[in-house]
Amino acid sequence: MASVVSVTRKRQEPAVRLKRLPTLTAPLLRLNGLCPYYTMFPLSFPFDALANSKVDEWVLDPFCGRGTTILAARLRGLPSVGVDSNPVAGAIAAAKLPQVRACEIIALARDILADVRPGPVPATPQGEFWDLAYAPSTLRDICRIRNYLLSQCSTRVEVALRGVMLGILHGPQTQKTPTYLSNQMPRTYSTKPVSAVGYWTKHQMKPPEIDVLAAISRRARFSFKAVPPTTLGKLITGDSRKCNFAQLGAKFSWVITSPPYYGMRTYFPDHWLRNWFVGGPSDVDYRADEQLSHHSEAEFVADLGGVWKKVAEACVPGAKLVCRFGALPSCQKDPRDLFRRSLADADCRWRITTIKDGGTSQHGRRQCDQFGTGKNKPVEEIDVYAILE
Ligand SMILES: C[S@@+](CC[C@H](N)C(=O)[O-])C[C@H]1O[C@@H](n2cnc3c(N)ncnc32)[C@H](O)[C@@H]1O
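Residues numbered from 1 in each chain as written. Predicted model: local features only at pLDDT ≥ 70, side-chain atom pairs only at ≥ 80, totals over all residues. Heavy atoms only, no water.

Caption draft 1: Just the nonpolar core, in detail. Of all hydrophobic cores here, the largest spans 113 residues; its most connected members are W308 and W350. No other element matches helix α7 (residues 156-168), which puts eight residues into this core. Of the domains in this structure, domain 1 (3-98 + 231-388) and domain 2 (102-223) are the two that each give at least three residues to this core. If we skip the residues at most four places from it in the chain, W308 touches F63, T257, P259, L321, C323, F339, S342, L343, A346, C348 and W350. The next biggest cluster of nonpolar side chains, apart from the first, holds ten residues, and it includes F41, L50, L78 and W254. (Core = buried A, V, L, I, M, F, W, Y, C linked by side-chain atoms within 4.5 Å. Buried < 20%, exposed > 50% of the residue type's maximum accessible area, 1.4 Å probe, protein only. Helix = DSSP H or I, 4+ residues; strand = E, 2+ residues; numbered from the N terminus. Domains from an automatic or database assignment. Contact = heavy atoms within 4.5 Å.)

Here it is as structure tokens:
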């Protein structure tokens, strides 16, 4: 396992449990939007699934992405563990755990940028992409903070600052006060260097000079304005196929998750710039070895089944599995069939109670939205409910 972040709450503190989700604009929910992530599910999905949870029941998400389930558990006052093999996902999800005030995040950033904490001035990455993506002073400040966080990122404030930086690293430029540090880019995924350079050159776009501390301050004040009370939590950056869930020191009553949809193998390359910030190379990382295998349907089903089996070993009898699942349109596979086979393959005690249609990308805001624009017919998402016998 690459890294573990834990947050503890004193046992005697009562867990605070929200009964209903406030409106999505409420300050309490802003933490959820700290940083976008490809194929995340809405907060209401895990939050509603946990409506009948009991105090102190543990929640597990073995494919936690940006930590939506972790935050839903926190809002319900429940302890949770999240696992994801993508370090970008792990870093965003970890920032959903700690109790931090915006002023603490800003103070740490100010210290790092003022060089109060000694350390060598880091080298900045070189090349056409980097020249056009960030103004020199902006890139220098990004690298200072990156360098600091790569050398130490274990306190709640450091973990939160890393989440803030990932959230503002790239995104669209606006006429108003800038939110993002980069030249024009999407916020949900990192454009590949060749396409980005081509676009900036064609449109004669120069990188904006951004005051990094001011941008951090704005985002920290927005996202950490009112964080929910902390619950026990652990975030593991690692491969769920190899994780020994039974040794995590908790017995889980809820598994709420969304594995990669069949055919979706680009989590690392689609987040390559954020991946660089958390220690990856300064170019696109096409690695997929820690992701579920998409080489063949059989391998995928076997990998997923292996995770269900290990997860079952760490759950109490009667535990509930709630899973949103689908397949990429280019694969045209039936997600129901893949999911049923993964459970059968695992030969474990999960019994499916309900499978609901989740709609396609053409029906409202779905997780598969971003896959529905090609020439292939969009594939339906499903919501699966199972119980451990
Ligand atoms: C559909 S996304 C989960 C999104 C999440 N529900 C959210 O709201 O952000 C699936 C996640 O599974 C992760 N993943 C793929 N293979 C994995 C593995 N072997 N172990 C752990 N995580 C894995 C991917 O990195 C990705 O973040």
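Caption draft 2: Main features of the pattern of salt bridges. Considering all chains together, one arrives at 13 salt bridges under this definition. In this structure, R156 engages E104 in a salt bridge whose closest nitrogen and oxygen atoms are separated by 2.6 Å. In this pair, R156 sits in helix α7 while E104 sits in helix α4 (residues 102-113), placing the two residues 52 residues apart along the sequence. Residue classification places R156 among the partly exposed residues on the basis of a relative accessible area of 37%. (Salt bridge = Lys/Arg side-chain N within 4 Å of Asp/Glu carboxyl O.)

Caption draft 3: Quick look at unusual backbone geometry. A positive phi angle, near 70°, is found at D56, a position not held by glycine. The phi torsion at Q204 lies on the positive side, around 50°, for a residue other than glycine. Take Q204: its relative accessible area is 68%, and that puts it in the exposed class.

Caption draft 4: Inspection of the environment of V384 at higher detail. Along the chain, V384 turns up in strand β8 (residues 381-388). The buried category is assigned to V384, whose relative accessible area is 1%. Leave out the neighbours within four places in its chain, and V384 touches L321, V322, C323, F339, I352, T354 and I355.

Caption draft 5: Geometry of the environment of A312. Relative to the helices and strands, A312 resides in helix α12 (residues 297-313). Once the C-alpha coordinates of A312 and K251 are considered, the two residues, 61 residues apart in sequence, prove to be 9.8 Å apart.

Caption draft 6: Inspection of the site of the ligand at higher detail. Residues in close proximity to the ligand total 25 residues, the closest being Y37, T68, D84, D239 and S240. In the environment of the ligand, a nitrogen atom lies 2.8 Å from a nitrogen or oxygen atom belonging to the backbone of S240. Take Q291: an N or O atom from its side chain is 3.0 Å from an oxygen atom of the ligand. Compared with its free state, where it exposes 600 Å², the ligand has 100% of that area covered by protein. Of the residues belonging to the shell around the ligand, the class tally is ten nonpolar, ten polar and five charged. (Near = heavy atom within 4 Å. Polar contact = N/O pair within 3.5 Å; in protein donor to acceptor, adjacent residues only side chain to side chain. Areas by Shrake-Rupley, 256 points an atom, 1.4 Å probe, with all protein chains shown as cover. Nonpolar A, V, L, I, M, F, W, Y, C, P; charged D, E, K, R; others polar.)

Caption draft 7: Just helix α3 (residues 87-94), in detail. Of all eight residues in α3, seven are buried; the element is thus mostly enclosed. Those residues of α3 not exposed but buried are V88, A89, G90, A91, I92, A93 and A94. Where α3 begins, one side-chain oxygen reaches toward the backbone nitrogen of V88, 2.9 Å away; that side chain belongs to N86.

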